[in-house]
Amino acid sequence: MKVAVTYHNGTIFQHFGHSEQFKVYNTDNGKIVDSQVVDTNGQGHGALSEFLSKQGVQVLICGGIGAGAQNALAQAGIQVFGGVSGMADDAVHAYLAGNLKFNTDVHCSHHDHEHSEGHSCGEHKCGEDKHGCAGNHCH
């Protein structure tokens with residue numbers, strides 16, 4: 001089975017639609033066989049479900065994720081574990097052990113608000129090319 005994690009510097013990247021990399025793990029019998037970091041080549045939001053499907057991914061572990069992306073992933077047969085933070089490798093080990101803590105109602109309302117000066121959307125200021133969607137807007 002293949003498990004993908006939104007990835008940035010060893011941690012789970014917190015905004016699915018802005019993920020520039022995924023770490024994809026090949027697993028067998030509850031163990032990680034190998035893994036590799038794959039670039040999305042600038043694909044975003046809608047194209048990422050197809051990107052993961054072509055990689056053969058069956059499970060996605062991520063931080064914030066919008067309803068549209070969740071629906072696209074479900075249609076592609078990819079099970080989503082959202083609202084997860086921390087180290088990517090630790091999350092996959094927890095998933096394989098049946099101990100992954102995730103938010104079943106995760107959604108990102110990031111697209112429901114206007115970015116304004118001084119507004120913070122996670123770990124970076126809104127308006128930057130790469131920003132997390134953690135904190136007040138992902139539930």
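Above this note sits the structure.
Residues numbered from 1 in each chain as written. Predicted model: local features only at pLDDT ≥ 70, side-chain atom pairs only at ≥ 80, totals over all residues. Heavy atoms only, no water.

## Topic: the nonpolar core
Inclusion rule: Here, nonpolar core refers to any group of buried Ala, Val, Leu, Ile, Met, Phe, Trp, Tyr and Cys residues whose side-chain atoms link them within 4.5 Å. For every residue, the accessible area (1.4 Å probe, protein chains only) is compared with the maximum for its type, and the residue is labelled buried under 20%, exposed over 50%, or partly exposed between those bounds.
Counting 16 residues, the largest nonpolar core has Ala-4, Phe-16, Phe-22, Leu-52, Leu-60, Ile-65 and Leu-73 as its most contacted members. Core analysis: the next-biggest nonpolar cluster, separate from the first, contains 14 residues, Val-3, Tyr-7, Phe-81 and Val-84 among them.

## Considering the pattern of salt bridges
This is how it is decided: For salt bridges, the criterion is a side-chain nitrogen of Lys or Arg within 4 Å of an Asp or Glu carboxyl oxygen. Put simply, DSSP H or I for four residues or longer makes a helix, DSSP E for two residues or longer makes a strand, and each gets a number counted from the N terminus.
Scanning all chains against the criterion turns up 2 salt bridges. Of the charged contacts in the structure, one is a salt bridge between Lys-23 and Asp-89, with a shortest N-O distance of 2.9 Å. With Lys-23 in strand S3 (residues 21–28) and Asp-89 in helix H3 (residues 88–96), the pair connects residues that are 66 residues apart, well separated along the chain. On the accessibility criterion, Asp-89 (32% relative accessible area) is partly exposed. One salt bridge in this structure joins Glu-50 and Lys-54, with 3.1 Å as the shortest N-O distance. With Glu-50 and Lys-54 both in helix H1 (residues 46–54) and 4 residues apart, the pair spans about one turn of that helix.

## Some thoughts on the packing of aromatic side chains
What counts here: Here the aromatic set is Phe, Tyr and Trp, taking the six-membered ring for Trp, and pairing holds for ring centres within 6.5 Å; pairs whose planes are under 30 degrees apart are stacked, those over 60 apart are edge-to-face, and all others are tilted.
The tally for this structure, following the rule as stated, stands at 4 aromatic pairs. Each member of the aromatic cluster is reached from another via a ring pair, and the members are Phe-16, Phe-22 and Phe-51.

## Section: H3
Put simply, the test is: This arc corresponds to the set of directions leading from the helix axis out to the C-beta atoms. Working rule for contacts: check all heavy atoms of both residues, and any pair within 4.5 Å makes them a contact.
Among all positions of H3, only Ala-88, Ala-91, Val-92 and Tyr-95 are buried. With its buried residues spanning 95° around the axis, H3 presents them on a single face. Packed against the buried residues of H3 are strand S1 (2–8), strand S2 (11–12), S3, strand S4 (31–39), strand S5 (59–61) and strand S6 (79–81). Just beyond H3, the residue with positive phi is Gly-98, at close to 80°.

## Remarks on the side chain of Thr-27
Following the sequence through the fold, Thr-27 ends up in strand S3. The contact partners of Thr-27, leaving out residues within four places of it in the chain, are Met-1, Val-3, Ile-32, Val-33 and Leu-96.

## Observations concerning the pairing of S1
Just so we agree on the cut-off: At least two bridges found by DSSP between two strands is the condition for calling them paired.
With 5 of its 7 residues buried, S1 lies for the most part within the structure. Taken together, the 5 bridges between S1 and S3 define a ladder with antiparallel strand orientation. Its bridge partner being in S3, Thr-6 is matched across the sheet by Phe-22. Of the pairings in the sheet, the one linking S1 to S5 comprises 3 bridges and is parallel in character.

## Observations concerning the environment of Gln-14
Heads up, the condition is: Whenever a nitrogen or oxygen atom comes within 3.5 Å of another N or O atom, the pair is scored as a polar contact, on the condition that within protein one atom can donate a hydrogen and the other can accept it, and that pairs from neighbouring residues in sequence are kept only if both atoms are in side chains.
Following the sequence through the fold, Gln-14 ends up in the loop between S2 and S3. Take Gln-14: its relative accessible area is 12%, and that puts it in the buried class. Along the backbone, Gln-14 and Gly-82 are 68 residues apart, and their C-alpha atoms lie at a distance of 9.3 Å. Here Ile-12 takes part through its backbone oxygen, which lies 3.0 Å from a polar atom of the side chain of Gln-14.

So, to be careful, I would describe these as geometric facts and stop short of saying anything about function.
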